[in-house]
Amino acid sequence: MSRLDILHFPDSRLRRRCKPVGTVDDKVKRLIDDMFETMYEAPGIGLSAPQVNADARVVTIDVSKDRSAPLCLINPEILATDGEAETEEGCLSVPGVFELVKRPERVRVRALDRDGRSREIEAEGLLAVCIQHEMDHLDGQLFVDYLSRLKRERIRKKAEKAQRHA
Ligand code: GNR
Ligand code: NI
C-alpha cells in the first residue's frame, strides 16, 4: 500500500466529473487500499478518488472514533433523501477551513462494495454528511461551493498565497 498525494483547492483537477468504474479489478482494489491508507494517515473521515488525482467514481469513508468501520462506495447513487441539517464541514483539499453547510439529513444510497457487489445503505448524521461530501467530489463539487462567493474567493486567495509560499 502507498500513501497518495492530496490535491488542493483551487486545483482544476478537483473540478472534473469522474468516470464510472467498469469492473472492480485489481487496479481499482489497489486504488481503494491506497485511499484508505491516505485517509487514515491524513487523518480524515472520508476521501474521494479525484482528491488523489484518480478519475474514478470511488470513495472511502470511516466516521467511527476508533477507525474500525471502513466503508468503500463505488459508483454511488442517491436513491432518496429526507430532512435537512446544518453541519460544520472541512475538506482535506481545503485545509484549515471549516464552515457550516446545509444538506439533507438522511440519505439512502446504492453502490458497489470492494467485492463488486451492489449494496444499499441508509445513513444519517455525520455518515450522511460524509457520503454526500464525497459524492460531490466525484462531480467536481466542493463544500466551498455552498458558501457565498465572497467567502469562497477569500478562501481561494488565501489558499493560492499559501501554495506560493509552500
Ligand atoms: O476529514 C473530513 N472531515 C469532514 C468533516 C465534516 C464534513 C465532511 C468531512 S470529509 C473530510 C475529508 C475530505 O475532504 N473528504 O473529501
Ligand atoms: Ni473533501
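The sections below set out a description of the structure shown in this document. (Residues numbered from 1 in each chain as written. Chains lettered and ligands numbered in written order. Predicted model: local features only at pLDDT ≥ 70, side-chain atom pairs only at ≥ 80, totals over all residues. Heavy atoms only, no water.)

1. Regarding the overall build of the chain
For the chain, the count of helices and strands is 3 helices and 7 strands. Secondary structure elements of the chain, listed N to C terminal, follow the sequence α-β-β-β-β-β-β-β-α-α. Here the C-alpha atoms of the chain give a radius of gyration of 15 Å, agreeing with the 15 Å that 2.2 N^0.38 yields for 166 residues. A principal-axis box enclosing the C-alpha atoms of the chain has dimensions of 45 × 40 × 30 Å. In the chain, which comprises 166 residues, the share counted as buried stands at 42%. Considering only residue pairs separated by 6 or more positions, the chain has 63% of its internal contacts joining residues 24 or more positions apart. With an accessible surface of roughly 9300 Å², the chain has 47% of that area assigned to carbon and sulfur atoms. For the chain, the distance from the average position of its 29 positive side-chain charges to the average position of its 30 negative side-chain charges is 6 Å. (Helix = DSSP H or I, 4+ residues; strand = E, 2+ residues; numbered from the N terminus. Rg over C-alpha atoms; globule rule 2.2 N^0.38 Å. Buried < 20%, exposed > 50% of the residue type's maximum accessible area, 1.4 Å probe, protein only. Contact = heavy atoms within 4.5 Å. Areas by Shrake-Rupley, 256 points an atom, 1.4 Å probe, with all protein chains shown as cover. Lys, Arg positive; Asp, Glu negative; His and termini not counted. Charge placed at Lys NZ, Arg CZ, Asp CG, Glu CD.)

2. Quick notes on helix α3 (residues 149-165)
Counted at 1.5 Å a residue, the expected span for α3 with its 17 residues is 24 Å, and the 24 Å between its end C-alpha atoms agrees. R152, I155 and A159 are the residues of α3 that are buried. All buried residues of α3 lie within an arc of 65° about the axis, which places them on one face of the element. Exposed residues on α3 whose side chains face more than 90 degrees from its buried face are R149, L150, R154, K157, K158, R164 and H165. (Expected span 1.5 Å × (residues − 1). Arc of directions from axis to C-beta.)

3. Here's the deal with the pairing of strand β3 (residues 71-82)
As paired elements, strand β2 (residues 58-61) and β3 share 4 bridges and run antiparallel to each other. Note that in β3 the partner of T60 across the bridge is C72. As judged from the 6 bridges shared by β3 and strand β6 (residues 106-112), these two strands associate in the antiparallel manner. Within the sheet, the bridge partner assigned to A80 lies in β6 and is R108. (Pairing = 2+ DSSP bridges.)

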